Amino acid sequence: MLMSTRSEVALPDEGILRRFDIPGPRYTSYPTADRFVEAFDASAFAEALRAREKGVANSALSLYVHLPFCNTVCYYCGCNKVITKDRSKSAEYIDYVAREADLVLSHLTGSRVIEQLHFGGGTPTFMSNEELEQLMAMLTERFPLAERGEFSIEVDPRTTPPDKVATLGRLGFNRISVGVQDFNPDVQKAVNRLQSFEMTQATVDAARKADFKSINLDLIYGLPKQTRETFAETLDKVMVLSPERIALYHYAHLPDRFKPQRRINSEDVPSSEEKMKIMLDAIKRLTAAGYQYIGMDHFAKASDDLAKAQRQGRLHRNFQGYSTRPDCDLIGLGVSSISKIGPTYSQNVRTLEEYYDLLKQGMLPTVRGVVLDRDDILRRAVIMALMCHFEVSKESIESAHMIKFDEYFKAELAQLKQFEDEGLAENTPEWVTVTPKGKLLVRAIAMQFDRYLRADERQRRYSKIV
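Quick caveat, the model's predicted, so the values are computed rather than measured. Each residue is numbered by its place in its chain's sequence as written, counting from 1. Whole-chain, interface and lining totals are the exception, using all residues; otherwise, since this is a predicted model, local features are given only for residues with pLDDT of at least 70 and side-chain atom pairs are given and counted only at 80 or more. No hydrogens and no water enter the side-chain calculation; it runs on all heavy atoms of the structure.

Mind showing me how you'd approach the overall build of the protein here?
Each helix and strand in the protein was counted, giving 17 helices and 19 strands. For 466 residues, the compact-globule estimate of 2.2 N^0.38 gives 23 Å, and the C-alpha radius of gyration of the protein, at 22 Å, lies within 12% of that figure. The principal-axis extent of the C-alpha atoms belonging to the protein is close to 60 × 55 × 40 Å. Burial status across the protein gives 56% buried among its 466 residues. Pairs of residues are marked as contacts when any of their non-hydrogen atoms sit within 4.5 Å. Sequence separation of 24 or more characterises 74% of the internal contacts of the protein that already satisfy a separation of 6 or more. Residue-level accessible areas treat just the shown protein chains as cover; the underlying method is Shrake-Rupley with a 1.4 Å probe. Just so you have it, the protein exposes about 19,400 Å², and 50% of that area is on carbon and sulfur atoms. His residues and chain termini do not enter the charge count, which takes Lys and Arg as positive and Asp and Glu as negative. Think of each charge as sitting on NZ of Lys, CZ of Arg, CG of Asp or CD of Glu. Both charge centroids of the protein, one from 63 positive and one from 65 negative side chains, sit 1 Å from each other. A helix here means a DSSP run of H or I that spans at least four residues, while a strand means a run of E at least two residues long, and both kinds are numbered starting from the N terminus. Throughout, the radius of gyration refers to the C-alpha atoms, and the reference size of a globule is 2.2 Å times the residue count to the power 0.38. For the exposure calls, accessible area comes from a 1.4 Å probe over protein chains only, and a residue counts as buried if that area is under 20% of its type's maximum, exposed if over 50%, partly exposed in between.

Can you walk me through the sheet that holds strand β17 (residues 391-393) in this structure?
Note on pairing: DSSP must find at least two bridges between two strands before they are called paired. Spatial strand order, β17-β19-β18: three strands in an open sheet with antiparallel pairing. Of all the strands in the sheet, just β17 and β18 (425-427) have a single pairing partner and so form its edges. Averaged over neighbouring strand pairs, the angle between their axes works out to 5° when direction is ignored. Bridge count between β17 and strand β19 (residues 431-434): three bridges; the pairing is antiparallel. Looking at the pairing, S393 lines up with W431 of β19. Across the face of the sheet, helix α12 (residues 374-389) comes into contact with β17 and β19 while running at roughly 135° to β17. Helix axes use the C-alpha atoms of the stretch in contact, all axes being lines fitted to C-alpha atoms, and the angles between their N-to-C directions lie in the range 0 to 180 degrees.

Would you explain the side chain of S323 in this entry?
Structurally, the position occupied by S323 is in strand β12 (residues 321-323). At 2.8 Å, the side chain of S323 forms a polar contact with the side chain of Q116. S323 has contacts with Q116, L306, R314, L315, H316 and N318, leaving out every residue within four places of it along the chain. Distance and chemistry together define a polar contact, namely a pair of N or O atoms within 3.5 Å, with one atom able to donate a hydrogen and the other to accept it when in protein, and with adjacent residues in sequence counting only for side-chain atoms on both sides.

Help me out: how do you make sense of empty space enclosed by the protein in this one?
Any empty space left between the atoms is revealed when a probe the size of a water molecule rolls over them. Cavities and pockets are defined on a 1 Å grid built over the protein atoms alone: a cavity is a set of grid points where a 1.4 Å probe fits but cannot escape, while a pocket is an open set with protein on both sides within 12 Å along at least five of seven lines, and lining residues are those with an atom within 4 Å of any such point. Grid points are joined across faces, edges and corners, and a volume is the space filled by probe spheres set on the points. Taken as a whole and assessed by the stated rule, the structure comprises one cavity of 30 Å³ or more. What the largest cavity holds in volume is close to 30 Å³. Going through the elements one at a time, β6 (175-181) and α6 (185-190) are the ones with two or more residues in the lining of the largest cavity. As a working rule, the residues Ala, Val, Leu, Ile, Met, Phe, Trp, Tyr, Cys and Pro are called nonpolar, Asp, Glu, Lys and Arg charged, and the rest polar, with Gly in that last group. Looking at side-chain class alone, the lining of the largest cavity contains five nonpolar, two polar and two charged residues.

In this structure, what is going on with the packing of helix α8 (residues 228-241) against helix α9 (residues 272-288)? I would like to understand it.
The interhelical angle for the contact between α8 and α9, taken along N-to-C directions, is 25°, at an axis separation of 10 Å. Taken together, the axes of α8 and α9 are roughly parallel relative to one another. With respect to the hand of their crossing, α8 and α9 are arranged in right-handed fashion. Counted together, R228, F231, A232, L235, D236 and M239 of α8 and E274, K277, I278, D281, A282, R285 and L286 of α9 form the full contact between these two elements. Tallied by class, the residues present in the contact of α8 with α9 amount to seven nonpolar, no polar and six charged. Each angle receives one of four descriptions, namely roughly parallel if under 35 degrees, roughly antiparallel if over 145, roughly perpendicular if within 65 to 115, and oblique otherwise. Handedness of a crossing follows from how the near helix is turned relative to the far one, being left-handed for an anticlockwise turn of less than a right angle and right-handed for a clockwise one.

Would you mind going over the layout of surface pockets with me for this structure?
One number sums up the size of the second largest pocket: a volume of about 1,100 Å³. Forming the walls of the second largest pocket are 50 residues, and the residues nearest its centre are H316, D327, K340, R380 and A381. At the level of elements, α2 (42-50), β11 (316-318), β13 (329-333), β14 (338-341), β15 (344-348), α12, β17 and α13 (394-401) are the ones that each hand at least two residues to the lining of the second largest pocket. Here the lining of the second largest pocket takes seven residues from α12, the largest share from any one element. For the lining of the second largest pocket, the per-class residue count stands at 24 nonpolar, 15 polar and 11 charged.

Looking at this structure, I do not really get the pattern of salt bridges. What am I missing?
Two side chains bearing opposite charge may form a pair once their charged atoms approach each other closely. Salt bridge, as applied in this entry: a Lys or Arg side-chain nitrogen positioned within 4 Å of an Asp or Glu carboxyl oxygen. For the structure shown, the criterion picks out 26 salt bridges. Across the salt bridge formed by R18 and E14, the nearest N and O atoms sit 3.6 Å from each other. Of this pair, R18 and E14 both sit in helix α1 (residues 14-20), separated by four residues, roughly a single helical turn. Since its relative accessible area comes to 47%, R18 is described here as partly exposed. When the shortest N-O distance is used, the salt bridge between D375 and R379 registers 2.9 Å. With D375 and R379 both in helix α12 and four residues apart, this pair spans about one turn of that helix. With a relative accessible area of 4%, R379 lands in the buried category. Connected through salt bridges with shared partners, the residues D373, D375, D376, R379, E412 and R451 form a single ionic network.

Please clarify how the nonpolar core should be interpreted in this entry.
A general trend in soluble globular proteins is that nonpolar side chains are found buried together. The nonpolar core is taken to be a set of buried Ala, Val, Leu, Ile, Met, Phe, Trp, Tyr and Cys residues, with the residues joined through side-chain atoms within 4.5 Å. Y93 and F119 are the most contacted members of the largest nonpolar core, which totals 124 residues. Per-element accounting of this core gives the leading share, nine residues, to helix α3 (residues 88-107). In contact with Y93, other than residues within four places in its own chain, are H66, L67, P68, F69, M127, G334, V335, L352, Y355 and Y356. Within the second largest apolar cluster, 12 residues are counted, among which are Y76, L223, I264 and V269.

In this structure, what is going on with the environment of E420? I would like to understand it.
Take E420: it is sitting in helix α15 (residues 410-421). Residues E420 and T433, spaced 13 residues apart in sequence, show a C-alpha to C-alpha distance of 9.7 Å. Ignoring any residue separated from it by four or fewer positions in sequence, one finds E420 in contact with L413, A425, E426 and N427.

Honestly, the packing of aromatic side chains in this entry has me stumped. Any pointers?
For any pair of aromatic rings, geometry is given as the distance between the ring centres together with the angle between the planes. Within 6.5 Å between ring centres, the rings of Phe, Tyr and Trp (the latter by its six-membered ring) count as paired, and their orientation is classed by plane angle as stacked under 30 degrees, edge-to-face over 60, tilted in between. All chains considered together, the criterion is met by 17 aromatic pairs. Measuring from centroid to centroid gives 6.4 Å for Y293 and F390, while their planes differ by 20°, and the two rings are stacked. A residue pair is termed long-range when its members are at least 10 positions apart, and Y293 in strand β9 (residues 291-295) and F390 in the loop between α12 and β17 qualify at 97 residues. By definition here, charges over rings are those cases where NZ of Lys or CZ of Arg is within 6 Å of the ring centre and within 35 degrees of the ring normal. Taking NZ or CZ as reference, R87 lies 4.1 Å from the ring centre of F126, over its face. Just above the ring of Y452 sits the side chain of R451; from NZ or CZ to the centre is 4.6 Å.

Just to check I follow, could you spell out the state of the cysteines for this structure?
The term disulfide refers to a covalent linkage connecting the sulfur atoms of a pair of cysteines. Note on terminology: pairs of cysteine sulfur atoms within 2.5 Å are recorded as disulfides. Tallied over the full model, the rule gives zero disulfides. C74 takes part in no disulfide bond, and the closest cysteine sulfur, belonging to C77, lies 6.5 Å away. What makes C74 buried here is its relative accessible area of 9%. Not engaged in a disulfide, the cysteine C79 finds its nearest cysteine sulfur in C77; these two sulfurs lie 3.7 Å apart.

Shown next, in the form of structure tokens:
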């Protein structure tokens, strides 16, 4: 595929979308996190940290910090969070994150310089300006920030007035992701997230004043009370804000899995047909407005680094989504955070009680993980190439992994035929390519190369693609 065509997207008809709208992973990793095992414990993670200097020379390092606290609960949310009004909790949490950072550093070899930093949650801006300053001082004392690194934070405008945005800029953050979801008051009330356009605009304007390189807005389609007409009005307001990036997430109503969603009236959730039309309307509107379709649920202006990285073949995908950085080692700090070191993934315990208890004992709070075998690494390369670039060079995979692509993936390519027949994918002697018409279904196409989905019935646990 020519690099200039990577930004092209065509909309398949609704019948095709419905046919291939199956439950599937988001592939922020491969193997996916539900494949992690408890046999990979704190000692295995420590060994991975110690072995890092034996890996790729001067491997870049990324840092993720999970900050779980929120003032109120948004009913749609499936994140690992702690709802509280008690401000002392975040101060205590910083102390324990520092303990974890020190334990990690006691084993870490190789470079400590951070090329990429991300604060997620929860609501990172639950913390006061002073706490954010304290947290960043603690982290940068242990992990120096690279001069031209990418440092991002998720913010809630309800807790991010202009003075806090200015503080974030002074602390070194240069990218900001602003939670919006929907501007319609009825939708906001139905999901318990009342947030005016003016409040959001003040946060965005402050970020521009503070010279943030990129502003992202998070939107969700399929929320209760949402219609094609109301979401079109939300997009009108988004166009006024003109962010560099937009994430258009699909709301999966899974009240059996996510307790807050039980407070949503299921009858208020749009039908599958209405939800699909909302999505298609939004994609048409965004691409017509000059946003490049990056993949999955992400859009970026052609001038943004994310779009440039895709055009140049440098785009990557990790637990924070799409990334312009090379395939960094990743250290995750805080409850439920995931690390990727060399050929391993590991995840922390999910609750504050477990997290604090293990750190008091001087133990890394690792609860599970996995060591990738040769097949995992090969399949990860194929799946990530599809997810990021909509194409896989068979020759590149063959030379890197010493296989014959068509022989190794004979069964997978046979399964791919159903996508070829609908014009969603192409399989030539040199390439496997996702066509512009197939891009909205790239997850379904990538799933054909997932060995684990063939081995059991876990696929049904995932949310649907569209």
